[in-house]
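Examining the three-dimensional arrangement
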Amino acid sequence: MSDQQTDPRADKKTYKKTLNLPKTGFPMKANLVQNEPASLKRWDKLGLYPKLREQGGSKKPYVFHDGPPYANGSIHLGHLLNKVLKDFVVRTKTMAGYDVPYVPGWDCHGLPIEHKVMQELGDKAKDMQPIQVRRKCKTYAEKFVKLQTGQMKRLLTLADYADPYLTMNPRYEGAVLEVFADLVSRDVVFRGLKPVHWSIENQTALAEAELEYYDREDTSVFVKFDRVDGQGSLMIWTTTPWTLPANLAVAVHERYDYGEYEVNGQTLILAVELAKKVLKTDAEPKTTCKGSELVGLEYKHPFINRTSKVVAADYVTLEDGTGLVHTAPGHGVDDYQTGLREGLDVYCPVKDDGTFDDTAPDWLQGVSVWKANDLVVEKLRESGHLFHAEQFTHSYPHDWRGKSPVIFRATEQWFVDVNKSFSVPSAPGSAGGSAVGSSSGGSSGGAMRQRALDVTANDIRFFPEWGRKRMRGMLESRPDWCLSRQRAWGLPIPAFYPPEGVEGEPLLTPASVLAVAKLFREKGSDAWFLAPPQDLLQHYDPAGDTDAPPWAKSCDLSKLVPGADIFDVWFESGSSWNAVIRQRGLAKPDDAPTVTDLYLEGSDQHRGWFQLSLLPCLGSQGKPPFTSVLTHGFMVDREGRKMSKSGGNALDVDVLLKDYGADVCRWWVSSLNSDNDIKVDPEYFRLAGEEYRKVRNTIRFLLSNLDGFNFKQEKVHFEDADATSIDAWMTRELTKVSDTVLAAYDGFQYRKAHEALFNFCNDTLSSVYLTALKDRLYCDAPDSPRRHRTQSTLYRAATVLIRLLAPLLPHTADEAWRALTGNGDDCVHLLPFQDVDCMRQIPVSEDWGALMQARDTWLKSIEEARQAQGIDNPLDCGVRVPAIKDVACASFDLADLADLCGVSRFAFDDSVQTVTVDDLRSEPRCERSWKRDGTVKQRSDGGMLSDRDAQALGLT
RNA sequence: GGGCUCGUAGCUCAGUUGGCAGAGCGCACCCCUGAUAAGGGUGAGGUCGUAGGUUCAAGUCCUACCGGGCCCA
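So, here's what we can say about the structure.

Conventions we followed
Residues numbered from 1 in each chain as written. Chains lettered and ligands numbered in written order. Predicted model: local features only at pLDDT ≥ 70, side-chain atom pairs only at ≥ 80, totals over all residues. Heavy atoms only, no water. Helix = DSSP H or I, 4+ residues; strand = E, 2+ residues; numbered from the N terminus. Rg over C-alpha atoms; globule rule 2.2 N^0.38 Å. Buried < 20%, exposed > 50% of the residue type's maximum accessible area, 1.4 Å probe, protein only. Areas by Shrake-Rupley, 256 points an atom, 1.4 Å probe, with all protein chains shown as cover. Lys, Arg positive; Asp, Glu negative; His and termini not counted. Charge placed at Lys NZ, Arg CZ, Asp CG, Glu CD. Near = heavy atom within 4 Å. Polar contact = N/O pair within 3.5 Å; in protein donor to acceptor, adjacent residues only side chain to side chain. Nonpolar A, V, L, I, M, F, W, Y, C, P; charged D, E, K, R; others polar. Salt bridge = Lys/Arg side-chain N within 4 Å of Asp/Glu carboxyl O. Pairing = 2+ DSSP bridges. 1 Å grid on protein atoms, 1.4 Å probe; cavity = no way out; pocket = protein on both sides within 12 Å on 5 of 7 lines; lining within 4 Å. Points joined across faces, edges and corners; volume = space filled by probe spheres on them. Contact = heavy atoms within 4.5 Å. Axes fitted to C-alpha atoms, helices over the stretch in contact; angles between N-to-C directions. Parallel < 35°, antiparallel > 145°, perpendicular 65-115°, else oblique. Left-handed = near helix turned anticlockwise from the far one by under 90°. Right-handed = clockwise from strand over helix to strand, strands pointing away. Core = buried A, V, L, I, M, F, W, Y, C linked by side-chain atoms within 4.5 Å. Phe/Tyr/Trp six-rings, centres within 6.5 Å; stacked < 30°, edge-to-face > 60°. Lys NZ or Arg CZ within 6 Å of the ring centre and 35° of its normal. Disulfide = S-S within 2.5 Å.

Section: the overall build of chain A
The helix and strand inventory of chain A stands at 33 helices and 33 strands. The C-alpha atoms of chain A give 38 Å as radius of gyration, which overshoots the globular expectation for 956 residues (30 Å, by more than 25%). Considered along the principal axes of its C-alpha atoms, chain A spans approximately 125 × 75 × 55 Å. The burial tally for chain A puts 56% of its 956 residues in the buried class. Here chain A displays about 40900 Å² of accessible surface, and carbon together with sulfur accounts for 48% of that area. Here chain A holds 115 positive side-chain charges and 134 negative ones, and the gap between their average locations is 5 Å.

Some remarks on the protein's contact with RNA strand B
G640, N673, N676, R693 and R751 are the nearest of the 49 residues found near RNA strand B. In RNA strand B, atoms within 4 Å of the protein come from the sugar-phosphate backbone in 81% of cases. Within the side chain of K469, one N or O atom sits 3.1 Å away from a phosphate oxygen of RNA strand B. For RNA strand B, a phosphate oxygen lies 2.5 Å from a polar atom in the side chain of N673. Only α2 (8–16), α14 (467–477), α24 (682–704), α27 (750–779) and α31 (848–869) provide two or more residues apiece to the surface near RNA strand B. Of the residues forming the surface near RNA strand B, the biggest block, nine residues, is contributed by α27. Grouping the constituent residues of the surface near RNA strand B by class yields 15 nonpolar, 13 polar and 21 charged.

Observations concerning unusual backbone geometry
Of the consecutive residues F463 and P464, the connecting peptide bond is found in the cis state with omega at -5°. Assignment of secondary structure puts P464 in the loop between β19 (461–463) and α14. Despite not being glycine, D886 shows a phi value in the positive range, around 65°. Structurally, D886 is set in the loop between β29 (877–881) and α32 (894–901).

Notes on the pattern of salt bridges
Counting across every chain of the model gives 59 salt bridges. Note that D780 and R948 form a salt bridge whose closest N and O atoms lie 2.9 Å from each other. Taken together, the positions of D780 in the loop between α27 and α28 (785–805) and R948 in helix α33 (residues 947–953) put the pair 168 residues apart, joining distant regions of the chain. Linked through salt bridges whose partners overlap, the residues forming this network are D775, R776, D780, R786, D896, D899, R928, K931, R948 and D949.

Considering the sheet that holds strand β7 (residues 204–206)
The sheet built from four strands is open, its strands ordered β7-β6-β18-β20 with antiparallel pairing. Strands at the two margins of the open sheet, each flanked by one partner only, are β7 and β20 (481–482). Bridging between strand β6 (residues 189–199) and β7 involves three bridges; their strand directions are antiparallel. By the bridge assignment, H197 is partnered in β7 with L206.

Some points on the layout of surface pockets
Here the largest pocket is characterised by a volume of approximately 1400 Å³. What lines the largest pocket is a set of 41 residues, among which H76, G78, H79, D604 and F634 lie closest to the centre. At the level of secondary structure, the elements contributing two or more residues to the lining of the largest pocket comprise α5 (77–95), α19 (569–573), β25 (596–602), β27 (635–636) and α22 (653–660). Looking at the lining of the largest pocket element by element, the count peaks at seven residues for α5. Residues of the lining of the largest pocket, tallied by class, amount to 17 nonpolar, 15 polar and nine charged.

Observations regarding the environment of H388
Within the secondary structure, H388 sits in strand β17 (residues 386–399). Between the alpha carbons of H388 and F222 there is a distance of 5.1 Å; along the sequence they are 166 residues apart. Apart from the residues lying within four places of it in its own chain, the contact partners of H388 are S220, V221 and F222. In this structure the side chain of H388 is engaged in a polar contact, spanning 3.2 Å, whose partner is the side chain of E390.

Describing the packing of helix α6 (residues 111–121) against helix α7 (residues 130–154)
Two elements in contact, α6 and α7, have axes whose closest approach is 9 Å; the angle formed by their N-to-C orientations is 110°. On the basis of their axis angle, the class for α6 and α7 is roughly perpendicular. Regarding α6 and α7, the two cross each other, and that crossing is right-handed. Residue-level inspection shows I113, E114, K116, V117, M118, E120 and L121 of α6 in contact with α7, the latter providing V133, K136, C137, Y140 and A141. When grouped by side-chain class, the residues that make up the contact of α6 with α7 number eight nonpolar, no polar and four charged.

So, the pairing of strand β30 (residues 905–908)
Two elements, β29 and β30, share four bridges in a ladder whose sense is parallel. Pairing of G878 across the sheet is with R905, part of β30. Note that the unit made of β29, α32 and β30 has a crossover that is right-handed.

Topic: the sheet that holds β25
Judged by pairing direction, the sheet is parallel, and its four strands sit side by side in the order β2-β25-β26-β19 without closing on themselves. Only two strands of the sheet have a single partner each, and these edge strands are β2 (64–65) and β19. Relative to strand β26 (residues 626–632), β19 is paired through three bridges, and the arrangement is parallel. Across the sheet, R461 pairs through a bridge with S628, a residue of β26. Against the sheet, helix α21 (residues 609–621) touches β2, β25 and β26, its axis set at about 145° to β25.

Quick notes on α6
If you check which residues of α6 are buried, you get L111, I113, E114, H115, V117, M118 and L121. Each element contacted by the buried residues of α6 is listed here: α7. Where α6 terminates, the next one or two residues include G122, which has phi positive at roughly 60°.

Regarding the nonpolar core
Formed by 149 residues in total, the largest nonpolar core has its most connected members in W668 and W848. Counting residues per element, this core draws most heavily on α27, at 16 residues. Formed by 71 residues, the second largest nonpolar core is a distinct cluster that contains L507, L508, L537 and L618.

As for the packing of aromatic side chains
Scanning the model with the defined rule gives 32 aromatic pairs in all. Note on F222 and W237: the rings are 6.2 Å apart at their centroids and 35° apart in plane angle, and the pair reads as tilted. In this pair, F222 sits in strand β8 (residues 211–226) while W237 sits in strand β9 (residues 233–238), placing the two residues 15 residues apart along the sequence. With relative accessibility at 17%, the residue W237 sits in the buried group. With centroids separated by 6.5 Å and ring planes inclined at 50°, the aromatic side chains of W729 and Y769 adopt a geometry described as tilted. Pair noted here: W729 is in helix α26 (residues 726–746) and Y769 is in helix α27, with a separation of 40 residues, a long-range link. Across the pair, exposure class does not vary: W729 and Y769 are buried alike. Ring-pair connections join several aromatic residues into one group, and the members of that group are F88, Y745, Y750 and F833. Against the face of Y49 rests R53, its NZ or CZ located 4.6 Å from the ring centre. Of note, R696 hangs over the ring of F26, and the distance from its end group to the ring centre comes to 4.2 Å.

Some remarks on the side chain of K86
One can find K86 in helix α5. Filtering out sequence-adjacent residues up to four positions away, K86 remains in contact with F64, D66, G67, Y102, L600 and E601.

Some points on the side chain of R487
By secondary structure assignment, the location of R487 is in the loop between β21 (484–485) and β22 (496–497). Using a relative accessible area of 17% as the deciding quantity, one classes R487 as buried. A distance of 2.9 Å separates the side chain of R487 from the side chain of E114, its partner in a polar contact. When near neighbours in sequence (up to four residues on either side) are disregarded, R487 contacts L111, E114, A205, E210, A564 and I566.

Here we look at the state of the cysteines
A covalent bond bridging the sulfur atoms of two cysteines is what the word disulfide describes. Summed over all chains, the structure comprises zero disulfides. Take C889: it sits in no disulfide, and the sulfur closest to it among the cysteines is that of C901, at 13 Å. For C889, a relative accessible area of 8% translates into the label buried.

Here it is in structure tokens:
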């Protein structure tokens, strides 16, 4: 006995075995990198996604639509953020009681893939037919869909990966054409001119990505454009003299100063700031004016019988030239925009082969543009319009394949007119073939732009709210939508041109488009490149189509010439509300104001997918595709700079998953304010891992103290007398955290949920409640009512907490849930959030708020006293405090309060003015609970024990 | 250059209609050793991007500027 008293280790040995110490199979170490893939397999085996669909039959649907990432490359941090946020939506809405079918998709067509494939093919590409290139592209896209699918699954995202949507699938292609047919029937699709980069060598349009810039020496000229009123000349500058025949305007900047200068008896007008450099003189201008005063001034073309006007444009600069910009809408993008605004023709006298057509002056007809440069200069010199010519070296675009210089040239393209009013037949919506041709009794009129502005202002919800402004600005400034591209890898625009020798508009009617749609649905769009025209139109009868152009009605279909244009890929992805949501029967009812509930993408998609889904949907259905638009920001590094592979500051998702696991990455995502820029650094994942461990350990403590406890059989029903118990307080806290987190989930505020959950684990549970419980959990008799009441509460905490965490930490929550139920086949993801209404019935003293607030000051006093009196262990302290105003102090269990302070004894004592800490070291210590309880005395086994501990051991 | 947006503690972020600058992490010091590669307590940290203005009072409203981001040009 004396040994036991002198050697504390002996105490341990004696009584440790008599305690109810925590025990669980839920390990402290998560080992996510190994265990998460195992979870994936288990969910696959269980059929989690299909099971949820079965369950969902009776539930209200929540229609959430995935925007398609591009099927190219490995996923990056932006995908991680986007996909995890989307998964939060899917999982929180599912657990909130909705049916949330979620079809992931990929954007498969388009230039980046075609470009990559062409690069890989190298010289071989030149001899290949479009269909051969397309097959390579398809294989390429499939490869990356597969790769990315695996990576997205690894992020533990829940989606219909068994049946994703691919924009290159036949059923998808058919559905896109059905949307297009609707737009055609609204009469908003037209053919117009637009300048594009044109390779003369390959006689094809090129995209920006297919250009390579090299230095090139050209003749630059300063040219005098004589004023119609004879009062001098406008001086312009250009490095492409061959574009002068297409000059239709001169642009000035309204705010710049322009001056009239006398040179060799002529009056020349140019920007004051550039006069010295151009005229090589210090002469002062005769007069000056603002550019705005020049607007409207008429001038004569130097060698064509034509007058044009000065217009204003804000892209005019004072870096080169004269401040007066030669404007040829057929030969430049800026020029084209200006031309549109000013109502100028998109005039382009240059043919496919780079020679001038018969609208050009006769001395240029048939001449190539490169030869024309010299001819034009010579002509200007002869007529006295040339002020100066010099060789000029500048960076100039070249065809990436042939390395030959390209030109800007207006070509015929397909457009959607966003300013033309149309009406939409009333429900049922078309985009499936029901409404062909014009229809009466449609919905209200208005052009696409105006309709889009209206719904943006009034009907759509934006998260964050400023998305509304951003969308509006982009809609206001957008031009007509150019739908066509001159490429191979895409969805063909199903237009047919008349046979050679026949004049007329191309055949493109609602019925002809739907006929091709039907064919594509059956055979895929490869048919366009394989089948003869009469087969492409096998579902079409021109004679019965009132919209068909006259020539087509009597034409032998086999003589038609299929067009070579494909759709802008944005039209394909912008039709996904039809090609995925409506086609799969997932849409909201036809009479609902929108097709889906939510689109969620990066904020760049205000211009991209959001807008380009909104426009076709308004055109086809007369209503927006989404009720709500949720956006997130972009990844930047810790200095706030953009992340890029070339910048060397990009993080690899595979590496992050390997180092931290998906749940930690997801926990990080949930911690973000994702409205705006998101700073990323490896360090932040380490910190997220630390927080994750904290949460995991808290759950582990809950589970480890529920070992052997059967909630259904042993749960304690709270009586009124329990209202002042610490367990009642915890129950109230549970309802609070549940309310907070569910409200945050409902409003997509995952950061708020994250914060509430972490603080609940870290503070409410770990620091306050669980710490206070240790004594009773470990030392009370295993089946004591007090311990059972606490375990009932622990169980409730576990079930509420684990389910709230499930959307954020799918693996860990699942693992914990199976540990809680003891059934390895259970799956928390098949359950709704825990209903806490039954817990609200449990009586709770309203005094707990004041007590918990007071606890902070008690702890501070205890700390100070321990420092002052040299008391190491708080269990060597007793605390006496004066009664708290308006609190029924007498009704509280002093043992609860002592445990909340971590001391051996607690009392309300009106004889003290302030918190008083007593040194209890002279009193005997219970060798089992280590508390200096007043009841400690020697027991029948010889140990010094308190009443409670003696009772627990059955000793007297 | 234009539209939208952001700048608060070392880090991540809260800060409603103007009313005494907050939380968590990290850090420092201490405790426990019966959650143990865990757990608890206490504490230090800020000229709210800069400069003006409105106001009794500004992180918050206004103006300009500086530095980021997205989308355009």
